[in-house]
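Residue-level structure breakdown
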Amino acid sequence: MSGKLIVFEGVEGGGKTSQIRRSQAWLSASGWLDQLRQTTPALPDPLLITREPGGTELGKYLRQLLLSPATQETLHDRAELMLYAADRAQHVEYLLKPHLAAGGLVLCDRFTDSTIAYQGYGRGLNLSLIQQLNQIATGGLTSDLTFWLDVEVSIGLGRAQQRNKDLDRMESATLSFHQRVQHGFQALLHQHPERIVRIDASQSEQVVFEQIQTLLSQRLQQWYPQLLPL
Ligand code: Z5A
C-alpha cells in the first residue's frame, strides 16, 4: 500500500475525535493536503477521516447495534466481538484498502487495538483468538502510526459524561471494565513500540495537539520526502 494509515486509540474521553478534527484542519490549512492531492489524482480527497465501528453503510447499522441495541436482550461477549470484526472487514475492504492503494492518507478513530483492549482485556476473551480474528478482518493491514491518547479512566469518563447525559452501552460498563481496557492499551504499547506512541491526554487539548503536530510532521516528512515539509 502506498498510502498511510494513522490510528487514534484510547479509553473514552481521551480526545480522539477532537484531535482528528484538529489534525484535519491543520493539514488542510497548511496547504500540505493540496500537495498530496497532486500525487493522488484517482482520489476525490487525499485525506480520509473515518472510524470504527461505523465507517461504512453496513458499519453504521452495526454501530447502532453495538452501542444502542434495539432489544433488551443482552449482547453476548462473543457476539459483540464478531460484530466489531464484521464492521472492520467491511471497512478495510471497501474504504481503507482502496484509499491506501491510491496513495491516500487515513486518520482513523479506533482500529484493531481497541478489540484487543476492550474485548480481550476488558471482556476477558482469548487474546490469541482475537489476534486471529483481527488478522481475518484486516487481511493483514496494520496501522503505520497509532496515537494512544492516554488519560486516566475517571477523567475520560467524566469528559464523556459532561458531553452526553445518556451514556451508551459501552460507556456505561463498570469502572473496573474500563480500567482493564486501560491496562490493555498499556500492554499494547509495550508490545508494539514501533508503531504506538503514547500521548499524555490529561493535558489541555491544545498541548496534546501540539505534540501530535510535532510527531505527525516528522513522520509525514519521512513518508513523503518529495512534498514540502509542514
Ligand atoms: N469498541 C470496542 O469495544 N471494540 C472495538 O474493536 C472497537 C470499538 C473498534 C465506540 O467508540 C465504542 O466502541 C467504544 C469502544 C468500543 N466504547 N466505549 N466506551 P467511539 O470511539 O465512538 O466512542 P468513544 O471512545 O466513547 O469516543 P468519545 O467518548 O467520543 O471519546 P474521544 O473521541 O476520545 O473524545 P472526544 O469526543 O474528542 O472528547 C470528549 C469530550 O472531552 C469532549 O467534550 C471534548 O471537548 C473533551 N476533551 C477532549 N480532549 C480534552 C482535553 N485534552 N482536555 C479536556 N477536555 C477534552
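Up top you'll find the structure we're talking about.
Read on for a plain summary of the structure. (Residues numbered from 1 in each chain as written. Predicted model: local features only at pLDDT ≥ 70, side-chain atom pairs only at ≥ 80, totals over all residues. Heavy atoms only, no water.)

The next thing to look at is the packing of aromatic side chains. Per the counting criterion, the structure on display carries six aromatic pairs. Ring geometry for tryptophan 32 against tyrosine 224: centres 5.3 Å apart, planes inclined by 80 degrees, an arrangement best described as edge-to-face. Of the two residues, tryptophan 32 is situated in helix H2 (residues 32–39) and tyrosine 224 in the segment after helix H9 (205–223); the sequence distance between them amounts to 192 residues. By the burial criterion, tryptophan 32 is buried, and tyrosine 224 matches it. Arranged with centres 6.3 Å apart and planes meeting at 80 degrees, the rings of tyrosine 118 and phenylalanine 185 form a pair that is edge-to-face. In this pair, tyrosine 118 is assigned in helix H5 (residues 112–122) and phenylalanine 185 in helix H8 (residues 175–191), connecting sequence segments 67 residues apart. Site record: aromatic cluster; members linked through ring pairs are Tyr118, Trp148, Phe177 and Phe185. (Phe/Tyr/Trp six-rings, centres within 6.5 Å; stacked < 30°, edge-to-face > 60°. Helix = DSSP H or I, 4+ residues; strand = E, 2+ residues; numbered from the N terminus. Buried < 20%, exposed > 50% of the residue type's maximum accessible area, 1.4 Å probe, protein only.)

Turning to the pattern of salt bridges, a few remarks are in order. According to the stated counting rule, one finds 15 salt bridges in the structure shown. The shortest N-O distance in the salt bridge between glutamate 9 and arginine 110 comes to 3.9 Å. With glutamate 9 in strand S1 (residues 4–9) and arginine 110 in the loop between strand S3 (105–109) and H5, this residue pair connects regions lying 101 residues apart in the sequence. Judged by relative accessible area, arginine 110 falls into the buried class, the value being 12%. Among the salt bridges present, the one from aspartate 34 reaches arginine 37, with a minimum N-O distance of 2.6 Å. Placement of the pair is aspartate 34 and arginine 37 together in helix H2, with a separation of three residues, close to one helical turn. Its relative accessible area of 32% is what places arginine 37 among the partly exposed residues. Here the salt bridges do not stand alone but share partners, grouping Asp77, Glu80, Arg123 and Arg169 into one network. (Salt bridge = Lys/Arg side-chain N within 4 Å of Asp/Glu carboxyl O.)

Right, let's talk about the sheet that holds strand S4 (residues 145–150) for a bit. One open sheet holds the five strands; their spatial order is S2-S3-S1-S4-S5, and the pairing between them is parallel. Only two strands of the sheet have a single neighbouring strand rather than two, namely strand S2 (47–51) and strand S5 (196–200). With strand direction ignored, the average angle separating the axes of adjacent strands in the sheet is 20 degrees. Bridge count between S1 and S4: four bridges; the pairing is parallel. (Pairing = 2+ DSSP bridges. Axes fitted to C-alpha atoms, helices over the stretch in contact; angles between N-to-C directions.)

Right, let's talk about H2 for a bit. Those residues of H2 that sit buried are Trp32, Leu33 and Leu36. Buried residues of H2, viewed axially, fall in a sector of 90 degrees; they line one side. Packed against the buried residues of H2 are helix H1 (16–29), S2, S3 and H9. (Arc of directions from axis to C-beta. Contact = heavy atoms within 4.5 Å.)

Read these as spatial facts, not as claims about activity.
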